[in-house]
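Reading the structure
Residues per chain, in single letters:
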Amino acid sequence: MPPTAGTGGERVFVQLGPPPSEPNQFNYPDAPKTYPPQVRERLAADAAEIIARYPKPKSAILSLLHLVQGEDTYLTPAGLGFVAEVLNLTGAEVAAVASFYSMYRRAPTGDYLVGVCTNTLCAVMGGDAILQALKEHLDIDDEETTADGAVTLCPVECNAACDYAPVVMVNWEFFDNQTPQSARDLVDALRSGQPVNPTRGQPLCRFRDTQRQLAGFPDERPDHGQGGAGAATVAGLAEARRRDMAAPPSSAISPEERRWRT
């Protein structure tokens, strides 16, 4: 490298490429580079079943990324290489897709991924305080995992559950109207193996199991009738009905307004 102006003539070396901490890089220390033969055989059978569902093999890439994430709890060189091989893609093509999405993990993930919503409404309702309380209680930072491997903590974007803010999600199941104390109690229960029921949705399962479900394999959890919209979700609809409010018929909308709306 030639001398750089203003340096007195000495050589200046610049490290090229992203730093190791760059979040879009799949370079966790000691991550597996390849799978043992028995693991590859098992994953290959699952991958063939997934690929058969799509008109073109490469359309299965997101599902296959969940499959290998379920194997390792995060995306590793072994997982990315496997997906590239079965889809006849380059590693760069697979990594380009994987690095676009936040649901693909860059580091080992605990049994329970605890996501605290810190978007606007949850934040002002206490989400920021909940996240800080959990960091202190668990003695970990964002995206870190407890020493027992039970809980990984992370801030998350809006979960479309603003009517129950602040919301905490555990492996994408809702825990509504949380407080710092209820969130501390929640992670304590997860770490001790106590049964924990989401506010709504299906019973909790471990992170690896969620990945197989997202890959497209059956979800065997029972439905306890926790689904459906709660009172907060339909409060506006209930008020509209009480006031006998309704949208105007389409015939009452002018052509100009119709064009504007579409």
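Residues numbered from 1 in each chain as written. Predicted model: local features only at pLDDT ≥ 70, side-chain atom pairs only at ≥ 80, totals over all residues. Heavy atoms only, no water.

Within soluble globular proteins, side chains that are nonpolar tend to cluster in buried spots. If you look at the biggest cluster of nonpolar residues, it comprises 25 residues, and the most contacted ones within it are Leu64, Leu65, Leu67, Leu75 and Val83. Secondary-structure elements contributing two or more residues to this core are helix H1 (37-51), helix H2 (61-72), helix H3 (77-87) and helix H4 (91-98). Discounting residues that sit within four places of it in the chain, leucine 64 has contacts with Ala47, Ile50, Ile51, Val83, Val86 and Leu87. With 21 residues, the next largest nonpolar core counts Ile130, Val170, Ala183 and Leu204 among its residues. (Core = buried A, V, L, I, M, F, W, Y, C linked by side-chain atoms within 4.5 Å. Buried < 20%, exposed > 50% of the residue type's maximum accessible area, 1.4 Å probe, protein only. Helix = DSSP H or I, 4+ residues; strand = E, 2+ residues; numbered from the N terminus. Contact = heavy atoms within 4.5 Å.)

In this section: the UniProt feature "binding site: [2Fe-2S] cluster" (unreviewed entry) in the protein. The sites that UniProt annotates as "binding site: [2Fe-2S] cluster" (unreviewed entry) are Cys117, Cys122, Cys158 and Cys162. The greatest C-alpha distance among the residues just named is 9.5 Å, despite their covering 46 residues of sequence, which places them together in space. Tracing the chain through its elements places cysteine 117 in strand S1 (residues 112-117). By relative accessible area, cysteine 117 is classed as buried at 3%. Filtering out sequence-adjacent residues up to four positions away, cysteine 117 remains in contact with Cys122, Gly127, Val156, Glu157, Cys158, Asn159 and Val167. Here cysteine 122 shows up in helix H5 (residues 120-138). The class for cysteine 122 is buried, based on a relative accessible area of 5%. Excluding its chain neighbours within four sequence positions, the residues that come into contact with cysteine 122 are Cys117, Gly127, Ala165, Pro166 and Val167. (UniProt positions renumbered as here; feature names shortened; annotations may be inferred.)

Tallied over the full model, the rule gives 14 salt bridges. For the salt bridge of glutamate 71 with arginine 42, the shortest nitrogen-to-oxygen distance reads 2.8 Å. Of this pair, glutamate 71 sits in helix H2 while arginine 42 sits in helix H1, and the two are 29 residues apart along the sequence. Classification of arginine 42 as partly exposed rests on a relative accessible area of 40%. (Salt bridge = Lys/Arg side-chain N within 4 Å of Asp/Glu carboxyl O.)

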